[in-house]
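Here is what each chain is made of, one letter per residue.
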Amino acid sequence: MTERNRFNRRQFLKTTAGVIGAFTIVPRHVLGGNGHVAPSEMLNHAIIGCGGISSAHLGYIAEDPRRKLVALCDVDSNRLAGKLAGVDKGVKGYEDFRDVLARPDVDVVHVATPPHWHGLMSVAAAEAGKDIWCEKPMTRTIYEGQKVVEAVQRNNRIFRINTWFRFKGGFAGGYHTYDGSGAEVRPTRKLVKSGLLGWPLKVTIGRASGLNWKQDVWVGKTGLVPQSVPDNLNYDMWLGPAPRKYYHPHRTHGSFRGYWDYDGGGLGDMGQHYLDPVQFILGKDNTSPQEVIVETQQQHTDAVLPWRRVTYKYADGCEVILDGDNRDENAAFIEGPGGKLYKNFKSDIPNIKQKVAEMPDLEPVVTDFTEAVLNRKKFALNEVNGHRSCTMVNMAKIAVRLGRNLKFDPDKQMFIGDDEANRMMRQPMRAPWVI
């Protein structure tokens, strides 16, 4: 359903309901109410990518009666068949995502593929007039993120990233081994905004703050022996815009994050989960750090290896530290000249929870994606702030791969005096794919 059609149907019901009621009895399912959803409020959803994370997307769709799944897509016929077996018979399966985008009845597209597809598919979906629910990280490169922002805004689309900590629940709680910071993000933003901690601030993301970079999980392998592509996998389509390389199961499906062509290890997997709330807490949704400093072992050109430490520096002196080797055992989550905030919202400032509770509430934001789409309101985590937090992830990936510190211009969104870093910011896509 297009935006124009949705508006016309809704306006028609509003302006003619009284007239119709005078002449006939309208079935309840047409107008909605009492458990029935009016057609003007229904959104048809399609999921591209039937890997593990797609189960979460299916759950999101099922939570709201205004959402209806109509299509699933995957280049692995076994995965596609497995997901289709668990949904309504009317859901259609596809191998090529372009066939999904060509359906005029699809309102919302979920991009649940590996990250090397996120940017291209999001742009294509926006151009096709679809609203977009994209997995994190938003894009694999900074340039792709810029193109997504342009396409979403040019086509007046609603976009969200599938991470939610800035507006819901505890900050990154329960992620593999560690239990999260124990602090909800919006109260933490209130604290920072009040100035009680002082300025500038230092944020540390690592074991001391309850957050796990999963470096032992997403490690690539070198010297793999090429294998035959299984009949159920369209490997050329799985690669898509990524470089053509030999097939090995460790390079695809559940372990793709360990290879630079498709993601960026723990930085790619957890970076936007962790850095997006920090950008919001610091009030920096419209800017980026000016410097990224790295400590890392030499990286392989293909396989992601563990790194030790990443430090971002902003123009105003704020710092964000990614404690990859967990050396800061006693670090505060947030530290400023006026005080410290540790995990579980503990602080050296007396009665901090009471003080935060008495502070003015933040401006409300739209946190229901369906409401955002139906009412054409920007979602709380959208293409603009999502691109900025993903840019932090991609800055770190480039610095780690190059093994050197980098300067960055937040306004031009380019590295300063480093042509090699800027080339990595915009990596070529394999023909015929292009944004």
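Residues numbered from 1 in each chain as written. Predicted model: local features only at pLDDT ≥ 70, side-chain atom pairs only at ≥ 80, totals over all residues. Heavy atoms only, no water.

Q: Before we go on, may I ask you to explain the pairing of strand E5 (residues 131-134) in this structure?
A: Residues in a regular strand point their side chains to alternate faces of the sheet. The side-chain alternation of E5 yields two buried faces, one formed by Asp131 and Trp133 and the other by Ile132 and Cys134. With four bridges connecting them, strand E4 (residues 108-111) and E5 associate as parallel partners. Considered in E5, the bridge of His110 is made with Trp133. Read from E4 through helix H6 (residues 118-127) to E5, the crossover connection turns out right-handed. Summarising the sheet, E5 and strand E6 (residues 159-161) pair through three bridges and their orientation is parallel. From the neighbouring strand, Trp133 faces E6, where its bridge partner is Arg160. Regarding topology, helix H7 (residues 142-154) serves as the crossover connection from E5 to the parallel E6, and that connection is right-handed. (Buried < 20%, exposed > 50% of the residue type's maximum accessible area, 1.4 Å probe, protein only. Helix = DSSP H or I, 4+ residues; strand = E, 2+ residues; numbered from the N terminus. Pairing = 2+ DSSP bridges. Right-handed = clockwise from strand over helix to strand, strands pointing away.)

Q: Any chance you could explain the sheet that holds strand E10 (residues 319-323) here in plain terms?
A: Two modes of strand pairing occur in sheets, parallel and antiparallel, and in both the strands are linked by backbone hydrogen bonds. The eight strands lie next to each other as E12-E11-E7-E10-E9-E8-E13-E14, forming an open sheet whose pairing is mixed. For this open sheet the edge positions go to strand E12 (339-341) and strand E14 (414-415), each flanked by a neighbour on one side alone. Of the strand pairs in this sheet, strand E13 (residues 406-409) and E14 are connected by two bridges, and their pairing is antiparallel. Residue pairing across strands places Asp409 opposite Met414, the latter belonging to E14.

Q: Would you take a moment to explain the state of the cysteines for this structure?
A: Among covalent bonds in proteins, the disulfide is the one between the sulfur atoms of two cysteines. Applying the stated rule across the entire model yields zero disulfides. Of all cysteine sulfurs, the one in Cys73 lies closest to Cys50, which takes part in no disulfide; the gap is 7.3 Å. Note on Cys50: relative accessible area 4%, which makes it buried. The thiol sulfur of Cys390 is not disulfide-bonded, and the nearest other cysteine sulfur, from Cys134, lies at 8.7 Å. (Disulfide = S-S within 2.5 Å.)

Q: Would you mind going over the side chain of Arg160 with me for this structure?
A: Relative to the assigned elements, Arg160 resides in strand E6. Of the side chains bearing the opposite charge, Asp368 lies closest to the buried Arg160, which forms no salt bridge; the N-O distance is 7.9 Å. (Lys, Arg positive; Asp, Glu negative; His and termini not counted. Salt bridge = Lys/Arg side-chain N within 4 Å of Asp/Glu carboxyl O.)

Q: How do you make sense of the packing of H6 against H7 when you look at a structure like this?
A: Packing of H6 against H7 leaves a shortest axis separation of 9 Å and a crossing angle of 10°. One way to sum up the angle between H6 and H7 is to call them roughly parallel. The handedness of the crossing between H6 and H7 comes out as left-handed. Across the interface between the two elements, Gly119, Ser122, Val123, Ala126 and Glu127 from H6 touch Glu144, Lys147, Val148, Ala151, Val152 and Arg154 from H7. Here the residues of the contact of H6 with H7 sort into five nonpolar, two polar and four charged. (Axes fitted to C-alpha atoms, helices over the stretch in contact; angles between N-to-C directions. Parallel < 35°, antiparallel > 145°, perpendicular 65-115°, else oblique. Left-handed = near helix turned anticlockwise from the far one by under 90°. Contact = heavy atoms within 4.5 Å. Nonpolar A, V, L, I, M, F, W, Y, C, P; charged D, E, K, R; others polar.)

Q: What's the story with the sheet that holds E6 in this structure? I'm lost.
A: Taking strand neighbours across the sheet as the criterion, the six strands line up as E3-E2-E1-E4-E5-E6 in an open arrangement whose pairing is parallel. Of all the strands in the sheet, just strand E3 (92-94) and E6 have a single pairing partner and so form its edges. The sheet shows a mean angle of 25° between the axes of neighbouring strands, direction not considered. Here four bridges tie strand E1 (residues 43-48) to E4, and the two strands are oriented parallel to one another. Note that in E4 the partner of His45 across the bridge is Val108. Here helix H3 (residues 54-62) sits on the sheet in contact with E1, strand E2 (67-73), E4 and E5, set at roughly 155° to E2.

Q: Please clarify how the side chain of Thr141 should be interpreted in this entry.
A: Checked against the element boundaries, Thr141 lands in the loop between E5 and H7. When its relative accessible area of 2% is taken as the criterion, Thr141 is described as buried. At 3.1 Å, the side chain of Thr141 forms a polar contact with the backbone nitrogen of Glu144. Excluding residues that lie within four positions of it along the chain, Thr141 makes contacts with Asn394, Met424, Met425 and Gln427. (Polar contact = N/O pair within 3.5 Å; in protein donor to acceptor, adjacent residues only side chain to side chain.)

Q: How should I be thinking about the pattern of salt bridges in this particular structure?
A: Inspection of every chain in the model, using the stated rule, returns 33 salt bridges. In this structure, Lys202 engages Glu335 in a salt bridge whose closest nitrogen and oxygen atoms are separated by 4.0 Å. In this pair, Lys202 is assigned in strand E7 (residues 202-205) and Glu335 in strand E11 (residues 334-336), connecting sequence segments 133 residues apart. We classify Glu335 as partly exposed; its relative accessible area is 29%. Asp323 is the partner of Arg309 in a salt bridge, and the nearest nitrogen-oxygen pair spans 3.5 Å. Here Asp323 lies in strand E10 and Arg309 lies in strand E9 (residues 307-313), a separation of 14 residues in the sequence. The class of Arg309 is buried, set by a relative accessible area of 12%. Owing to a relative accessible area of 1%, Asp323 belongs among the buried residues under this scheme.

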